[in-house]
Amino acid sequence: MLLGLRGVGKTVLLNRIQEMAEDEDHLTSFIEAPESNRIVDLLYPRLVQVLRKLSTTERARASAHSGMRALRSFASAFKIEIGDISLSVDPESGTADSGNLEFDLSDLFLKIGEAAKSAGRAWTLLIDEVQYLSSDDLSALIVALHRANQKALPILFFGAGLPQAAALSGEAKSYAERLFTYPTVGALNAADAQAAIRGPVEEEGETITDDAIRNIVVKTQGYPYFLQEWGYQVWNTADASPISGDDVDAASVGAIRRLDEGFFRVRFDRLTPKERDYVICMAELGSGPYRSGDVAERMGEKVTSLGPTRSSIIRKGMIYSPSHGDIDFTVPLFADYLHRTREIDRGA
Ligand SMILES: Nc1ncnc2c1ncn2[C@@H]1O[C@H](COP(=O)(O)OP(=O)(O)O)[C@@H](O)[C@H]1O
Ligand SMILES: [Mg+2]
């Protein structure tokens, strides 16, 4: 389960993992966790697709058929809107239809795992934005993966999410920490950040000065999304090679404007007025992580009375708690954005 802030390359990595799995002839399903919907609605069409593919292998036909019948029961137990992705099989009563998601999803995963095994294939499930899964959905997913793991069935899972996804998984099922590993994805180191800019420039037969590259790495702090934005703007700004430090300064105006109007702004706009006050108070305290107690003090309220506000901002994926009592932004350089656009004081 890849963990990291926004824009560090988690989704890019998950897509790359999917390609690698396909190169290994795995069946794959990629899901972006819904912020307010149930995971079963997104899983259903993927599971239909996986079982259909498996059913084309002679050796797996019977087990895939049994999986489809279980899936049909599952769909009616959970009142899934099946639209035009219906299954023309009879439901299998007593399998995946108890209405208890942990049991039923486990039943389904076992069916799929058995069908995959019969076909000599494997199924790789990838879920992005894990922090948005409800605790019931996350629990059921963990239990189902655990069951498939115990039965040594060929099912692989890769997740990605904001740092809080690790704690959420542990709260859902304490054994999650043994089931998953949690590599951290962060900013690129200086050498990789430089290569990320230099490589594409040189591939186009152009050049860029060391000074320009250093300038970009400083401004972006090596965060992939920002490197992409600066690379794009610098490329469009420069008239001729070598691209210089001055070109970078000129391009920064556009890069920051686009980030402020897009990347940063869409996140800020999702907050309620009270939540906005909260994150502005965080930014006014300087750079993170921040003590929740300090934020509360600045707002003139008790930590406990701000609890619901803080939780709601965490659920929206805007802030997270790196350690007990601490809070920080999930978007790199977000405090700087607030300083720039809200004209608030830096440091308290
Ligand atoms: N290894 C990398 N090197 C350079 N740029 C990258 C790299 N990984 C990601 N990016 C850039 O960062 C952007 C954000 O990546 P993404 O995977 O969407 O981040 P996340 O899912 O962590 O929010 C990508 O669109 C891409 O432009
Ligand atoms: Mg992503």
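Position labels on residues start from 1 in each chain and follow its written sequence. Naming scheme: in the order in which they are written, chains are lettered from A and ligands are numbered from 1. Given that the model is predicted, a residue must reach a pLDDT of at least 70 before its local features are reported, and side-chain atom pairs must reach 80 or more before they are shown or counted; all residues, however, enter totals for whole chains, interfaces and linings. Excluding hydrogens and water, the side-chain values take into account all heavy atoms of the structure.

Draft legend 1. Highlighting the site of ligand 1. The criterion for a residue being near a molecule or strand is simple. One of its heavy atoms has to lie within 4 Å of it. Leu-5, Arg-6, Gly-7, Val-8, Gly-9, Lys-10, Thr-11, Val-12, Leu-188, Pro-224, Tyr-225 and Gln-228 make up every residue found near ligand 1. We call two N or O atoms a polar contact when they sit within 3.5 Å, provided that within protein one can donate a hydrogen and the other can accept it, with sequence-adjacent residues counted only if both atoms are side-chain atoms. Note that an oxygen atom of ligand 1 is positioned 3.1 Å from one of the backbone N or O atoms of Val-8. One of the backbone N or O atoms of Val-12 is found 2.8 Å from an oxygen atom in ligand 1. Computed with the Shrake-Rupley method and a 1.4 Å probe, the accessible areas treat only the protein chains shown as cover for residues. Contact with the protein chains hides 69% of the accessible area of ligand 1, taken as 570 Å² for the molecule alone. Contributions of two or more residues to the shell around ligand 1 are made by α1 (10–23) and α10 (224–237). For this classification, the nonpolar set comprises Ala, Val, Leu, Ile, Met, Phe, Trp, Tyr, Cys and Pro, the charged set comprises Asp, Glu, Lys and Arg, and every other residue, Gly included, is treated as polar. Grouping the amino acids of the shell around ligand 1 by side-chain chemistry returns six nonpolar, four polar and two charged. Boundaries of every domain are those given by an automatic assignment or by a domain database. If you count residues domain by domain, the shell around ligand 1 takes at least three from each of domain 1 (2–179) and domain 2 (190–267). Only DSSP runs of H or I with at least four residues qualify as helices, and only runs of E with at least two residues qualify as strands; both kinds are numbered from the N terminus onward.

Draft legend 2. Local environment of the sheet that holds strand β1 (residues 2–3). With respect to topology, four strands assemble into an open sheet ordered β1-β4-β3-β2, the strand pairing being parallel. Of all the strands in the sheet, just β1 and β2 (27–32) have a single pairing partner and so form its edges. One ladder, built from six bridges, connects β2 with strand β3 (residues 123–128); its direction is parallel. The partner of Glu-32 across the bridge, within β3, is Asp-128. Running at roughly 150° to strand β4 (residues 155–161), helix α5 (residues 135–150) makes contact with β3 and β4 of the sheet. Any two strands with at least two DSSP-identified bridges between them are counted as paired. Two residues qualify as a contact provided that any one of their heavy atoms is within 4.5 Å of a heavy atom in the partner residue. Fitting a line to C-alpha atoms yields each axis, with helices limited to the stretch in contact; the angle taken between N-to-C directions then spans 0 to 180 degrees.

Draft legend 3. Broad picture of the packing of helix α2 (residues 39–55) against helix α3 (residues 61–77). As a packed pair, α2 and α3 sit with axes 9 Å apart at the nearest point and diverge in direction by 160°. Taken as axis vectors, α2 and α3 run roughly antiparallel relative to one another. By crossing handedness, the relation of α2 to α3 is classed as left-handed. For the pair formed by α2 and α3, the contact residues are Val-40, Tyr-44, Leu-47, Val-48, Leu-51, Arg-52, Leu-54 and Ser-55 on the first element and Arg-61, Ala-64, Gly-67, Met-68, Leu-71, Phe-74 and Ala-75 on the second. Of the residues belonging to the contact of α2 with α3, the class tally is 11 nonpolar, two polar and two charged. By definition in this entry, angles of less than 35 degrees are roughly parallel, angles greater than 145 are roughly antiparallel, angles of 65 to 115 are roughly perpendicular, and the rest are oblique. Crossing handedness is defined as follows: a turn of the near helix away from the far one that is anticlockwise and smaller than a right angle gives a left-handed crossing, while the clockwise case is right-handed.

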